[in-house]
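Residue-level structure breakdown
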Amino acid sequence: AGQTFAVEGFYDGNGHRGQERRIWKVRLCPYLQGEWSWRTIPGDAPDKSLAGLSGRFRCVESGDQGGIVSHGRYFKFQDGGYYFPVGNFLDPVARLPMWSYLGEETTEAQRDAIIARHRDVYAANKYYFYVSNHSDVGSDLGGASEFVTPWVGTRTASDKTKMDIERWSNYDAQLGRLKDNRMIAQAVIFEDGKRGNYGSLPEADKNRLFRYLMARTSAFSHMMYVICMEWPEAWKKDQVSAAGNFLQAHNPWRRPLSVHLLTAHPWVFSGENWPTYVASQAGNKAGPDTVNQYALSMRCEPIPNLADEFGIL
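Note that this is a predicted model, so its numbers are computed, not measured. (Residues numbered from 1 in each chain as written. Predicted model: local features only at pLDDT ≥ 70, side-chain atom pairs only at ≥ 80, totals over all residues. Heavy atoms only, no water.)

Side note on the sheet that holds strand S6 (residues 74–77)
The strands making up a sheet are joined through hydrogen bonds of the backbone, oriented either antiparallel or parallel. The criterion, for reference: Only when DSSP finds a minimum of two bridges between them are two strands counted as paired. Numbering of helices and strands runs from the N terminus, with a helix taken as a DSSP run of H or I at least four residues long and a strand as a DSSP run of E at least two residues long.
With antiparallel pairing, the 3 strands of this open sheet are ordered in space as S5-S6-S7. Two strands in the sheet have a free side with no partner beyond their single neighbour: strand S5 (68–71) and strand S7 (82–83). Bridge count for S5 against S6 is 4 bridges, and the pairing is antiparallel. Within the sheet, the bridge partner assigned to Ser-70 lies in S6 and is Phe-75.

Let's talk about the layout of surface pockets
To keep things clear, this is the line we draw: Of the grid points, spaced at 1 Å and generated over the protein atoms alone, those admitting a 1.4 Å probe that cannot get out make up cavities, while open sets with protein on both sides within 12 Å along at least five of seven lines make up pockets; any residue with an atom within 4 Å of a point is treated as lining. Grid points are joined across faces, edges and corners, and a volume is the space filled by probe spheres set on the points. For this classification, Asp, Glu, Lys and Arg are treated as charged, while Ala, Val, Leu, Ile, Met, Phe, Trp, Tyr, Cys and Pro are nonpolar and the rest, including Gly, are polar.
Estimates place the volume of the largest pocket at around 1,800 Å³. Lining the largest pocket we find 47 residues, and of these Val-7, Glu-8, Gly-9, Val-26 and Ile-41 sit closest to its centre. Going through the elements one at a time, strand S1 (10–11), strand S2 (24–25), strand S3 (34–39), strand S10 (158–163) and helix H3 (203–217) are the ones with two or more residues in the lining of the largest pocket. For the lining of the largest pocket, the element with the highest residue contribution is S3, accounting for 6 residues. When the residues that make up the lining of the largest pocket are grouped by side-chain class, the tally is 26 nonpolar, 11 polar and 10 charged.

Focus on the environment of Ser-132
Our working rule: Exposure classes here rest on a 1.4 Å probe applied to the protein chains alone. A residue is buried below 20% of its type maximum, exposed above 50%, and partly exposed in between. A contact between two residues is defined here by any heavy atoms of the two lying within 4.5 Å. Whenever a nitrogen or oxygen atom comes within 3.5 Å of another N or O atom, the pair is scored as a polar contact, on the condition that within protein one atom can donate a hydrogen and the other can accept it, and that pairs from neighbouring residues in sequence are kept only if both atoms are in side chains.
With respect to the secondary-structure elements, Ser-132 resides in the loop between strand S8 (126–130) and strand S9 (151–153). Residue classification places Ser-132 among the buried positions, given a relative accessible area of 0%. Along the sequence, Ser-132 and Gly-199 sit 67 residues apart, while their C-alpha atoms lie 12 Å from each other. Once you skip the residues sitting within four places of it in the chain, Ser-132 turns out to touch Val-148, Pro-150, Trp-151, Val-188, Ile-189, Phe-190, Glu-191, Tyr-198 and Leu-209. Polar contacts involving the side chain of Ser-132 include one to the main-chain carbonyl oxygen of Ile-189, which spans 2.5 Å.

Overview of the pattern of salt bridges
Just so we agree on the cut-off: Whenever a carboxyl oxygen of Asp or Glu lies within 4 Å of a side-chain nitrogen of Lys or Arg, that contact is scored as a salt bridge.
Here the structure, examined in full by the defined rule, presents 16 salt bridges. Note that Asp-12 and Arg-216 form a salt bridge whose closest N and O atoms lie 2.8 Å from each other. Taken as a pair, Asp-12 in the loop between S1 and S2 and Arg-216 in helix H3 lie far apart in primary sequence, 204 residues in all. In this pair, the class of Asp-12 matches that of Arg-216, namely buried. One salt bridge connects Asp-44 with Arg-211, and the closest N-O pair in it is separated by 2.9 Å. Residue Asp-44 is found in the loop between S3 and strand S4 (54–59), and its partner Arg-211 is found in helix H3; the two are separated by 167 residues along the sequence. The exposed category is assigned to Asp-44, whose relative accessible area is 64%. What you see here is one network of salt bridges that share partners, running through Asp-12, Lys-25, Arg-27, Asp-172 and Arg-216.

Considering the confidence of the model for the chain
To keep it simple, the criterion reads: The predictor attaches a confidence to each residue, called pLDDT, with possible values from 0 through 100.
Overall, the predicted model of the chain reaches an average pLDDT of 89, with 94% of residues at or above 70. Summarising per-element confidence for the chain, the mean pLDDT is lowest in strand S15 (residues 305–310) (84) and highest in strand S13 (residues 257–258) (98).

So, helix H2 (residues 165–180)
For clarity, the cut-off: For a helix, the expected span equals 1.5 Å multiplied by the number of residues minus one.
Over its 16 residues, H2 runs 23 Å from end to end, which matches the ideal 22 Å to within 8%, given 1.5 Å per residue. Taken as a whole, H2 has its buried residues at Ile-165, Trp-168, Ser-169, Asn-170, Tyr-171, Asp-172, Gln-174, Leu-175, Arg-177 and Leu-178. The backbone nitrogen of Glu-166 lies 3.2 Å from a side-chain oxygen of the residue at the head of H2, namely Asp-164. Residue Arg-182 follows H2 closely and has a positive phi angle near 60°.

Focus on the nonpolar core
Note on soluble globular proteins: their nonpolar side chains tend to be buried together. Heads up, the rule is: Definition of nonpolar core: a set of buried residues of the types Ala, Val, Leu, Ile, Met, Phe, Trp, Tyr and Cys, connected through side-chain atoms within 4.5 Å.
Grouped together as the largest cluster of nonpolar side chains are 68 residues, with contacts concentrated most on Phe-129, Phe-190, Ile-227, Trp-235 and Val-259. Ignoring any residue separated from it by four or fewer positions in sequence, one finds Phe-190 in contact with Tyr-130, Ser-132, Trp-151, Tyr-198, Leu-201, Lys-206, Leu-209, Phe-210, Ile-227, Cys-228, Met-229 and Trp-235.

What about a nonpolar patch on the surface?
Quick note on the threshold: Residues form patches when they are more than 30% accessible in relative terms and have no salt bridge. Like charges link within 9 Å. Nonpolar side chains (Val, Leu, Ile, Met, Phe, Trp, Tyr) link within 5 Å. In short, Shrake-Rupley with a 1.4 Å probe defines the accessible areas, and a residue's cover is counted only from the protein chains shown.
Together, Val-26, Leu-28, Trp-38 and Leu-53 make up a nonpolar patch on the protein surface, roughly 340 Å² of accessible area in all. Mapping Leu-28 onto the fold places it in the loop between S2 and S3.

Here it is in structure tokens:
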């Protein structure tokens, strides 16, 4: 249709979970039927073997409704009807990891149980999880220890200039499982700030993770993103805005993006171009009246409000 998309490639080691080799990949999400063409241009480090390649492919009907988009104050599927997100974030009852679906200590049996609980107990169509977490553990709510480390190393000592290819390959598979179970994957990139948050990370380290995450996962049609949990605990407003603008500059398929509020804090990003929706928090002990009143207070915003965290079970 005459549109051009700038899509970044990502390093994938040997292409089979191995850390070392020279494999780069680009993931596309064509959403209009017909012929598409592609060509490669130099990125940060020009490489004669990668630049100047080109090709074509044909996009055919798949039955996929496409990604989630904002339609005024509501969500819709890109090629379908309205979408009303239903999920459960704080669930200590099951004694399962609440946030570390992607965690290095989370077992496949636990992941099966997480999916089954959301799908069968809550009839959920959305799941909320961390991309990186080193201190916001679930033990205070009765859950398991929850660590997600996307970089080479451990939660206490990682090299934030290098992504752990084996872990990211596993993330690909786990994100695919959510889609297979008809759930939108709401990825929270950084944890909250109560115990030494990543808010103090150098901007270059934050941006490297943002960029790799978007290059690797934004082509999956069921993705939506949150910059961090409870941003006033560890981030300044200008840091959040800078992160939001950077992410949108590397979001070719325009996946929904927000940042998570603290209880009863106002939404201070009105009028900015980067947020797609509001991710609000009425409070862990909030009842229905409080949740509804807080959600209604967001009606002044022209974008959807997603009430993500309230009423611990």
